[in-house]
Amino acid sequence: MKKVIAGIVAAMAITGAAASMGAVAADKDIVDTAVAAGSFKTLAKALQAADLVETLKGAGPFTVFAPTDEAFAKLPAGTLEALLKPENKPKLRRILTSHVVAGKVMAADVVKISSAKAVSGDTLTIATRDGGVTVDGAKVVKTDIAATNGVIHVIDSVILAKDE
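Residues numbered from 1 in each chain as written. Predicted model: local features only at pLDDT ≥ 70, side-chain atom pairs only at ≥ 80, totals over all residues. Heavy atoms only, no water.

(A) Local environment of the overall build of the protein. Looking only at helices and strands, one finds 8 helices and 7 strands in the protein. When the 164 residues of the protein are sorted by exposure, 49% land in the buried category. Within the protein, contacts between residues at least 6 apart in sequence are counted, and of these 69% link residues at least 24 apart. Working note: accessible area of the protein is about 7400 Å², and carbon and sulfur atoms make up 55% of it. (Helix = DSSP H or I, 4+ residues; strand = E, 2+ residues; numbered from the N terminus. Buried < 20%, exposed > 50% of the residue type's maximum accessible area, 1.4 Å probe, protein only. Contact = heavy atoms within 4.5 Å. Areas by Shrake-Rupley, 256 points an atom, 1.4 Å probe, with all protein chains shown as cover.)

(B) Region of interest: the sheet that holds strand E6 (residues 138-147). The sheet built from 7 strands is open, its strands ordered E2-E1-E7-E6-E5-E4-E3 with mixed pairing. The open sheet has two free edges, formed respectively by strand E2 (100-102) and strand E3 (115-117), since each of these has just one partner strand. Recorded for the sheet is a direction-independent mean angle of 30 degrees between the axes of neighbouring strands. Where strand E4 (residues 123-129) meets strand E5 (residues 132-135), 4 bridges bridge the pair, whose relative direction is antiparallel. The residue bridging Ala127 from the neighbouring strand is Thr134, located in E5. (Pairing = 2+ DSSP bridges. Axes fitted to C-alpha atoms, helices over the stretch in contact; angles between N-to-C directions.)

(C) Geometry of the nonpolar core. By size, the foremost hydrophobic cluster in this structure holds 29 residues, and its most contacted members are Phe40, Leu43, Leu47, Val64 and Leu96. Top contributing element to this core by residue count: helix H2 (residues 30-37), with 4 residues. One finds Val101, Leu124, Val140 and Ile155 within the second-largest nonpolar core, a separate group that totals 14 residues. (Core = buried A, V, L, I, M, F, W, Y, C linked by side-chain atoms within 4.5 Å.)

(D) Just the packing of helix H3 (residues 41-49) against helix H7 (residues 89-97), in detail. Orientation of H3 relative to H7, taken along the N-to-C sense of each, is 130 degrees, at an axis distance of 9 Å. With respect to each other, H3 and H7 are oriented oblique. Crossing of H3 over H7 shows left-handed handedness. Packed against H3, whose contacting residues are Leu43, Ala46, Leu47 and Ala49, the element H7 presents Lys89, Leu92 and Leu96 at the interface. For the contact of H3 with H7, the per-class residue count stands at 6 nonpolar, no polar and 1 charged. (Parallel < 35°, antiparallel > 145°, perpendicular 65-115°, else oblique. Left-handed = near helix turned anticlockwise from the far one by under 90°. Nonpolar A, V, L, I, M, F, W, Y, C, P; charged D, E, K, R; others polar.)

As structure tokens, then:
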């Protein structure tokens, strides 16, 4: 699970770095890539609160569907603050691990599948239409951000657990 979260964080970092620096060779793990990107501060904070950083810094490979700071801002008022409380750690871990898939799934592969099993155990629904891809309703806005232990795809919404 730690490996999955590290992947998510790294993916977020990669997205920001790639956007500002163009395509670069992957020399950082998912977490470090995400942190360097600058647009995944909320995700990084959530990964720390859920004790998932070391997992996502692991060998992987991981595919992380990383929500940006703007995606977290779309959550209903008070939701993020509540999730970051220590007593809600299990719920936060489940939400974050629902953004991670074991293995390295590049964009060219994602468009060929209709679902994927997240590290949380949830099944993510993948839909392709009008030239775009959604993962459980979250729009994929940037793809194939490489990290040493996987790949990050940036999404515009936070995927909430099915029973939330």
